[in-house]
Amino acid sequence: MRPHRFLFVLWQSGGGTQPMLGAARLLVERGHTVDVLAPRLLRERAANVGAGWLAAPPAAELDPARGRALEDQPDHAAAVALGLEGEVARAHR
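A. Geometry of the overall build of the chain. A count of helices and strands for the chain gives four helices and three strands. Each helix and strand of the chain, placed in order from N terminus to C terminus, yields the pattern β-α-β-α-β-α-α. Burial statistics for the chain: of 93 residues in total, 30% are counted as buried. Nonlocal contacts in the chain, meaning residues at least 24 apart in sequence, comprise 45% of its contacts between residues at least 6 apart. Approximately 6,100 Å² of the chain is accessible, and the part contributed by carbon and sulfur atoms is 57%.

Listed below in structure tokens is the structure:
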């Protein structure tokens, strides 16, 4: 089988990150190239499964003081999805 390239897009979710990284690891073990577009917090974990890492846009990074997962910051998640991240950042200063 010819190797393929895969791109996984991850965020700091409460329970979705580990299964996605597991799938990435399995693809790498089968000879495929996998890149992970994710926040800085997940860079090392991507490397640990043999995947490349691509930095998520800075606006997509979560504020660690407000929680560790996307679910902890629903206003931020909605703002990033709608392109309003600057407004949310100003509101939390």
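So much for the structure itself; the text now carries on.
B. How the structure looks around a nonpolar patch on the surface. There is a patch of nonpolar side chains on the surface, built from Leu 7, Val 9 and Leu 54 and spanning about 260 Å² of accessible area. Inspection of the secondary structure puts Leu 54 in strand β3 (residues 52–55).

C. Molecular detail of the sheet that holds β3. An order of β1-β2-β3 is seen for the three strands of this open sheet, with the pairing classed as parallel. Only two strands of the sheet have a single partner each, and these edge strands are β1 (5–9) and β3. For this sheet, the mean angle separating the axes of adjacent strands, direction not counted, is 25°. Taken together, the five bridges between β1 and strand β2 (residues 33–38) define a ladder with parallel strand orientation. By the bridge assignment for β2, Phe 8 is matched with Val 36. Against the sheet, helix α1 (residues 17–29) makes contact with β1 and β2, and its axis sits at roughly 170° relative to β1, the strand it touches most.

D. Region of interest: the side chain of Asp 35. Topologically, Asp 35 is positioned in strand β2. Within the structure, Asp 35 has its side chain in polar contact with the side chain of Arg 5 (distance 2.9 Å).

E. Just the pairing of β3, in detail. When β2 meets β3, the two strands line up parallel, connected through four bridges. Residue Ala 38 lies in a different strand from β3, and its bridge partner there is Ala 55.

F. Representation of the environment of Met 1 within the structure. Here Met 1 lies in the segment before β1. A sequence separation of 30 residues divides Met 1 from Gly 31, and the C-alpha atoms of the two residues are 9.4 Å apart.

G. α1, seen in detail. The end-to-end C-alpha distance of α1 is 18 Å, a good match for the 18 Å that 13 residues give at a rise of 1.5 Å each. Those residues of α1 that sit buried are Thr 17, Leu 21, Gly 22, Ala 24 and Leu 27. Looking at the buried side of α1, the elements it contacts are β1, β2 and α2 (43–48). Immediately downstream of α1, the backbone of Gly 31 shows phi near 95°, a positive value.

What counts as what
- Residues numbered from 1 in each chain as written.
- Predicted model: local features only at pLDDT ≥ 70, side-chain atom pairs only at ≥ 80, totals over all residues.
- Heavy atoms only, no water.
- Helix = DSSP H or I, 4+ residues; strand = E, 2+ residues; numbered from the N terminus.
- Buried < 20%, exposed > 50% of the residue type's maximum accessible area, 1.4 Å probe, protein only.
- Contact = heavy atoms within 4.5 Å.
- Areas by Shrake-Rupley, 256 points an atom, 1.4 Å probe, with all protein chains shown as cover.
- Patch = residues over 30% accessible without salt bridge, like charges linked within 9 Å, V, L, I, M, F, W, Y side chains within 5 Å.
- Salt bridge = Lys/Arg side-chain N within 4 Å of Asp/Glu carboxyl O.
- Pairing = 2+ DSSP bridges.
- Axes fitted to C-alpha atoms, helices over the stretch in contact; angles between N-to-C directions.
- Polar contact = N/O pair within 3.5 Å; in protein donor to acceptor, adjacent residues only side chain to side chain.
- Expected span 1.5 Å × (residues − 1).

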